[in-house]
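Breakdown of the fold
Here is how the chains run, residue by residue.
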Amino acid sequence: MALGHMASSSRSNLFKPLSALSYAPSLRRPFSSAAADDSTITVEISDRFAGHRCEPPSRTVETTPKELLGFFKDMAKMRRMEIAADSLYKSKLIRGFCHLYDGQEAVAVGMEAAITRKDCIITAYRDHCTYLGRGGTLLEAFAELMGRQAGCSNGKGGSMHFYKKENGFYGGHGIVGAQIPLGCGLAFAQKYSKDEYVTFALYGDGAANQGQLFEALNMAALWDLPAILVCENNHYGMGTAEWRAAKSPAYYKRGDYVPGLKVDGMDALAVKQACKFAKEYALKNGPLILEMDTYRYHGHSMSDPGSTYRTRDEISGIRQERDPIERIRKLILSHELATEKELKDIEKETRKEVDEAIAKAKESPMPEPSELFTNVYVKGYGVELLEFSLQARGADRKEVKGVLP
């Protein structure tokens, strides 16, 4: 069923105007200098934050030419990566489950702009762009998608299990909602160690009714953990519209005794402002819920055409009115930080980077069959393979030893 059947107030929430701009006119500067310019630009975001048990942050956001151009480059790269992943999947170079993030890029880049790599992020299976935001490379991403050794999880995780612990990225999880208690556990470790960092645990509106969410949130609130639960509300849990699955789709209020904030998740600057606020709040007071009002252009996964439960007009309308990359493009052009041609050149270079990464990923070999037995138990325990050979009829385990803790 399409969102056209929703109440008019819910439907209108999907279509919102681009951010209003507040700035002083300036002379056109060279693109190269703008890309390195840290001078302050003040922007007033158009959509108000909605707060629950907390005072929302200011709608006035400070940014820089360098940051805006960085947002554009990063989101263009994420978008191109996901479009390429679509093609690779249809060519059967990517197998299994594959959930694409195009349309939601502002959440990934805005969050990164407000935090550090010492802060932790853990998410569900729509994880490719979050991984790039945490410092992952295109080569690592495509190699993992195609199950190659050069992948971020050595080709053993695939689309749903990207991972980069050294940069504070803890996955990539395939079980709906299971990452939320793990995220609260990361926040517990941060508080126990007296670190001044926080954990962002991301989940979709489809996971918002999970019992484990409320159990973990209760514990986080009891112990004042620096946990920020981020509901990426793209309005559909698989093919089910939020209004059909949730009696109260105001997810930022779902914490009851835990404060919450609703954010325009298609506006990178709004996300940045909200995440900055959330980090400061959580370090002083404990958990907070952020609801990112966003939208995915692809279906739930590659097996879902995405057009049986919503109309094509709805999708094109979101692209025209709220696309996160177009918002930043308009902002850059209005401040004369770059020309249309320079931005198109960035997109062309991005396509080239993606194509080169795919070519390199294809050259990476598949994992050795013996890798089936690694990374299962803590080193030194469990089942250890002493001798392994591959014959015409399959794997022949010559000798296996079991070691108990």
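For the structure, see preceding data.
Residues numbered from 1 in each chain as written. Predicted model: local features only at pLDDT ≥ 70, side-chain atom pairs only at ≥ 80, totals over all residues. Heavy atoms only, no water.

1. Things to note about the overall build of the chain
- Helices and strands together make up the secondary structure of the chain, namely 13 helices and 12 strands.
- Contacts in the chain between residues far apart in sequence, at least 24 positions, make up 72% of those at least 6 positions apart.
- Accessible surface computed for the chain: about 18,800 Å², of which carbon and sulfur atoms make up 51%. (Helix = DSSP H or I, 4+ residues; strand = E, 2+ residues; numbered from the N terminus. Contact = heavy atoms within 4.5 Å. Areas by Shrake-Rupley, 256 points an atom, 1.4 Å probe, with all protein chains shown as cover.)

2. Quick notes on the nonpolar core
- Judged by nonpolar contacts, the single largest core of 74 residues is most densely connected at Leu68, Met111, Phe142, Phe200, Val263, Leu290 and Ile332.
- Setting aside residues up to four positions removed in sequence, Met111 forms contacts with Ala106, Ile121, Phe200, Leu202, Val230, Val271 and Cys275.
- By size, the runner-up hydrophobic cluster in this structure holds 18 residues, among which are Ile180, Tyr203, Leu225 and Ala227. (Core = buried A, V, L, I, M, F, W, Y, C linked by side-chain atoms within 4.5 Å. Buried < 20%, exposed > 50% of the residue type's maximum accessible area, 1.4 Å probe, protein only.)

3. A word on the packing of helix α3 (residues 65-90) against helix α4 (residues 105-114)
- One way to put it is that α3 packs onto α4 with a least axis distance of 10 Å and a crossing angle of 140°. With respect to each other, α3 and α4 are oriented oblique. Along this stretch, α3 crosses α4, giving a crossing that reads as right-handed. From α3, Glu67, Phe71, Asp74, Met75, Met78 and Arg79 reach across to α4, where they touch Glu105, Ala106, Ala108, Val109 and Ala113. (Axes fitted to C-alpha atoms, helices over the stretch in contact; angles between N-to-C directions. Parallel < 35°, antiparallel > 145°, perpendicular 65-115°, else oblique. Left-handed = near helix turned anticlockwise from the far one by under 90°.)

4. A word on the pattern of salt bridges
- Across all of its chains, the model carries 19 salt bridges by this definition.
- For Glu44, the salt bridge identified is with Arg59, shortest N-O distance 3.7 Å. Of this pair, Glu44 sits in strand β1 (residues 41-44) while Arg59 sits in the loop between β2 (50-52) and β3 (60-63), and the two are 15 residues apart along the sequence.
- Taking relative accessible area as the criterion, Glu44 reaches 33% and is therefore assigned partly exposed.
- Residues joined by salt bridges that share partners form a network here, namely Asp264, Asp267, Asp293, Arg322 and Arg327. (Salt bridge = Lys/Arg side-chain N within 4 Å of Asp/Glu carboxyl O.)

5. Brief notes about the packing of aromatic side chains
- Scanning the model with the defined rule gives 8 aromatic pairs in all.
- Between Phe188 and Tyr192 the ring centres are 6.2 Å apart and the planes differ by 20°, which places this aromatic pair in the stacked class. In this pair, Phe188 and Tyr192 are both assigned in helix α7 (residues 179-192), 4 residues apart and thus about one turn of the helix distant.
- Exposure remark for Phe188: the relative accessible area of 38% places this residue in the partly exposed category. (Phe/Tyr/Trp six-rings, centres within 6.5 Å; stacked < 30°, edge-to-face > 60°.)

6. Some points on the packing of α3 against helix α10 (residues 268-285)
- Interhelical geometry of α3 versus α10 gives an angle of 115° and a closest axis separation of 11 Å. In terms of orientation, α3 and α10 fall into the roughly perpendicular class. Crossing of α3 against α10: the hand is right-handed. Residue-level inspection shows Glu67, Leu68 and Phe71 of α3 in contact with α10, the latter providing Ala268, Leu269 and Lys272.

7. Let's talk about the sheet that holds strand β5 (residues 199-204)
- Spatial ordering of the open sheet is given by β2-β9-β10-β6-β5-β4, a layout of 6 strands whose pairing is mixed. Whereas interior strands pair on both sides, the edge strands pair on one side only; in this sheet they are β2 and β4 (120-122). Each strand of the sheet is rotated relative to its neighbour by a mean of 20°, with strand direction disregarded. (Pairing = 2+ DSSP bridges.)

8. Notes on a nonpolar patch on the surface
- Taken together, the side chains of Phe188, Tyr192, Met219, Leu222 and Trp223 define a hydrophobic patch exposed on the protein surface, amounting to about 590 Å² of accessible area.
- Where the nonpolar patch is concerned, the elements lending two or more residues are α7 and α8 (211-222).
- With respect to the helices, strands and loops of the structure, Leu222 is situated in helix α8.
- With a relative accessible area of 60%, Leu222 lands in the exposed category. (Patch = residues over 30% accessible without salt bridge, like charges linked within 9 Å, V, L, I, M, F, W, Y side chains within 5 Å.)

9. Some points on the side chain of His235
- Here His235 lies in the loop between β6 (227-233) and β7 (236-237).
- Residue His235 is classed as buried on the basis of its relative accessible area, which comes to 4%.
- Looking at His235, its side chain comes within polar contact range of the side chain of Asp293, at 2.6 Å. (Polar contact = N/O pair within 3.5 Å; in protein donor to acceptor, adjacent residues only side chain to side chain.)

10. Brief notes about the pairing of strand β10 (residues 288-293)
- Burial within β10 is extensive, with 6 of its 6 residues counted as buried.
- Burial along β10 is two-sided: the residues Leu288, Leu290 and Met292 and Ile289, Glu291 and Asp293 are all buried.
- In this sheet, β10 lies alongside β6 in parallel orientation, the contact comprising 6 bridges. If you follow Ile228 over to β10, its bridge partner there is Leu288.
- Strand direction decides the pairing type here: strand β9 (residues 260-264) and β10, joined by 5 bridges, are parallel. Residue Asp264 lies in a different strand from β10, and its bridge partner there is Asp293.
- In this region the chain leaves β9, passes through α10 and returns to the parallel neighbour β10; the handedness of that crossover is right-handed. (Right-handed = clockwise from strand over helix to strand, strands pointing away.)

11. Topic: the environment of Asp195
- Considering the arrangement of structural elements, one finds Asp195 in the loop between α7 and β5.
- Note on Asp195: relative accessible area 33%, which makes it partly exposed.
- Residues Asp195 and Leu283, 88 residues apart in the sequence, show an inter-C-alpha distance of 9.5 Å.

12. As for α8
- For α8, with 12 residues, the first-to-last C-alpha span of 17 Å sits near the 16 Å given by 1.5 Å per residue.
- Looking at α8, one finds that the buried residues are Leu213, Ala216, Leu217 and Ala220. Summarising the axial view, the buried residues of α8 lie within an arc of 105°, below the 170-degree limit, and thus occupy one face. Exposed and facing more than 90 degrees away from the buried side of α8 are Glu215 and Leu222.
- The secondary structure elements touched by the buried residues of α8 are α7, β5, β6 and β10.
- One or two residues past the end of α8 sits Asp224, with phi positive at roughly 55°. (Expected span 1.5 Å × (residues − 1). Arc of directions from axis to C-beta.)

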